[in-house]
Amino acid sequence: MNGEVAVSNNKRCIALYSGGLDSILAIKMLQEQSIEVIAVYFCTPFFGLHALSDPESFCALQKEKYGITVHPTDFTFEIIKIISSPKHGYGKHLNPCVDCKIGMLKKAKEMMDVFDASFVITGEVVGQRPMSQRKDAMNGILKEAGLKDKLIRPLCAKLMQPSLPEREGWVNRELLGDISGRGRKRQIALASKYGIQPHHIPSPAGGCLLTYEQVANKVRSTFSRFRPEFPLPADLMLDIAGRKFVFNDKTVFIVSRSEEENRTLSIMKHPGNIFMKVADVPGPLCVLRGEATDEHLARGAGICLRYGKARGVSGNVAVYGPDPFAMTATIEAPVFTEEHCKLFHVDSSN
Ligand code: SF4
């Protein structure tokens, strides 16, 4: 993250950038009032993978589409701790939204000092989400984050008590919004006002992988394997793509299910990961992490063969190595039945 930010106004704020339309609009509303906004994007393998793996191209894209300079900030260690025991529990799956927001606001508060900022803004809209965006929950989050009244939610500020920046006149409350609920009409109108191209308006769906059942199941199994310790980011990263097979409590094997997952897995060149694919035929990219014994490599090769285009063919060879684009070691792939593969499969629904 670049700490050098030019001063254009005597008041500066930190914005929690999420990549969603609401946070983009919140930033635009404050910039319109000549407030300098430091847009911080908290990223983890579960949200913001692009920013985490390739911050330069991510930032260039945000600048090109929205004219916003974004500062990606790795939040992985924080989210690991939060997932392990969230004080406020989980949403539908493994998404600890209330604690996650508190954690991000706490970190934003720390960053106020680093950037000499006077307050924080978010793109939250009251009543938009069931768990964390009810008015009472939003106030509770604020209190627990220790931000007192140094937070503005520009899109719905007029529906909340005036914050310190509004009372002090740093921000003109009259120019802020009174949006509530799940509709997007008013946000779409604002996007047009701020010159955001319709095809650049982010879709409301997608986002955090912790809200997906299959990912949640895999992440849960990783936490169980490591308890009472925490898994490393590299362990959890493997839960965001592919079919997951557990060979023992130290060793997992991941098999991609699509071209897109091939690309996702190929960026995971962490120490300890061994990439594998069946030689000479198109097929899934796989990753072995843990104990790379001959037995595990052969088992992985058999599973890799089973889920590739050469399934059922005997005598195939798998290649493997630490670089997915230069795998040179080879091993013969035994032929397994699907039932045998499923013995090690974490979530047989995928
Ligand atoms: S959906 Fe994910 S990123 Fe968003 S608050 Fe919940 S846990 Fe955090």
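On to the overall build of the protein chain, then. Across its full length, the protein chain carries 13 helices and 11 strands. Projected onto its principal axes, the C-alpha coordinates of the protein chain cover approximately 75 × 40 × 35 Å. For the protein chain, the proportion of contacts with a sequence separation of at least 24, taken over those separated by at least 6, is 64%. Here the protein chain has roughly 16400 Å² of accessible surface; of this, 52% comes from carbon and sulfur atoms. Across the protein chain, the mean location of the 44 positive side-chain charges is 6 Å away from that of the 38 negative side-chain charges.

Evaluated as defined, the whole model comprises 7 aromatic pairs. Aromatic side chains Phe247 and Phe253 sit 5.8 Å apart centroid to centroid with 15° between the ring planes, which places their arrangement in the stacked category. Judged by its relative accessible area of 10%, Phe247 is buried. Residue classification places Phe253 among the buried residues on the basis of a relative accessible area of 0%. An angle of 75° between the planes, with centres 5.6 Å apart, marks the rings of Phe247 and Phe344 as edge-to-face. Of the two residues, Phe247 sits in strand 6 (residues 243-248) while Phe344 sits in the segment after helix 13 (338-342), which places them 97 residues apart along the sequence. In this structure, Phe247 and Phe344 share a single accessibility class: buried. Through pairs of rings, three or more aromatic residues link up here, namely Tyr17, Tyr41 and Phe58.

This part takes up the site of the ligand. For the ligand, the full set of nearby residues is Phe47, Asn95, Pro96, Cys97, Cys100, Lys101 and Cys208. Grouping the amino acids of the shell around the ligand by side-chain chemistry returns 5 nonpolar, 1 polar and 1 charged.

A separate point is the sheet that holds strand 3 (residues 70-74). Taking strand neighbours across the sheet as the criterion, the 5 strands line up as 3-2-1-4-5 in an open arrangement whose pairing is parallel. Edge strands, defined here as strands with exactly one partner in the open sheet, are strand 3 and strand 5 (151-152). Direction of pairing for strand 2 (residues 36-43) relative to strand 3: parallel, over a ladder of 5 bridges. Bridge pairing links Ala39 to Val70 in strand 3. Here helix 3 (residues 55-66) sits on the sheet in contact with strand 2 and strand 3, set at roughly 145° to strand 3.

Let's shift gears to the confidence of the model for the protein chain. Mean pLDDT over the protein chain stands at 91; residues scoring 70 or higher make up 92%. Contacts from residues 1-8, a stretch scored under 50 in pLDDT, to residues over four places away or in other chains number 18 contacts.

Looking now at the sheet that holds strand 7 (residues 251-255). Reading across the sheet, the 6 strands line up as 6-7-9-8-10-11 and stay open at both edges, with antiparallel pairing between neighbours. Pairing within the sheet leaves two strands with one partner each, and these edge strands are strand 6 and strand 11 (329-332). Adjacent strand axes in the sheet meet at a mean angle of 25°, parallel and antiparallel pairs treated alike. Sheet topology places strand 6 next to strand 7; 5 bridges connect them, and they run antiparallel. Pairing of Asn248 across the sheet is with Thr251, part of strand 7. In this fold helix 12 (residues 294-306) packs onto strand 6, strand 7, strand 8 (273-278), strand 9 (286-289), strand 10 (317-321) and strand 11, with an angle of close to 45° to the strand it touches most, strand 8.

What counts and how
Residues numbered from 1 in each chain as written. Predicted model: local features only at pLDDT ≥ 70, side-chain atom pairs only at ≥ 80, totals over all residues. Heavy atoms only, no water. Helix = DSSP H or I, 4+ residues; strand = E, 2+ residues; numbered from the N terminus. Contact = heavy atoms within 4.5 Å. Areas by Shrake-Rupley, 256 points an atom, 1.4 Å probe, with all protein chains shown as cover. Lys, Arg positive; Asp, Glu negative; His and termini not counted. Charge placed at Lys NZ, Arg CZ, Asp CG, Glu CD. Phe/Tyr/Trp six-rings, centres within 6.5 Å; stacked < 30°, edge-to-face > 60°. Buried < 20%, exposed > 50% of the residue type's maximum accessible area, 1.4 Å probe, protein only. Near = heavy atom within 4 Å. Nonpolar A, V, L, I, M, F, W, Y, C, P; charged D, E, K, R; others polar. Pairing = 2+ DSSP bridges. Axes fitted to C-alpha atoms, helices over the stretch in contact; angles between N-to-C directions. pLDDT = per-residue confidence, 0-100.

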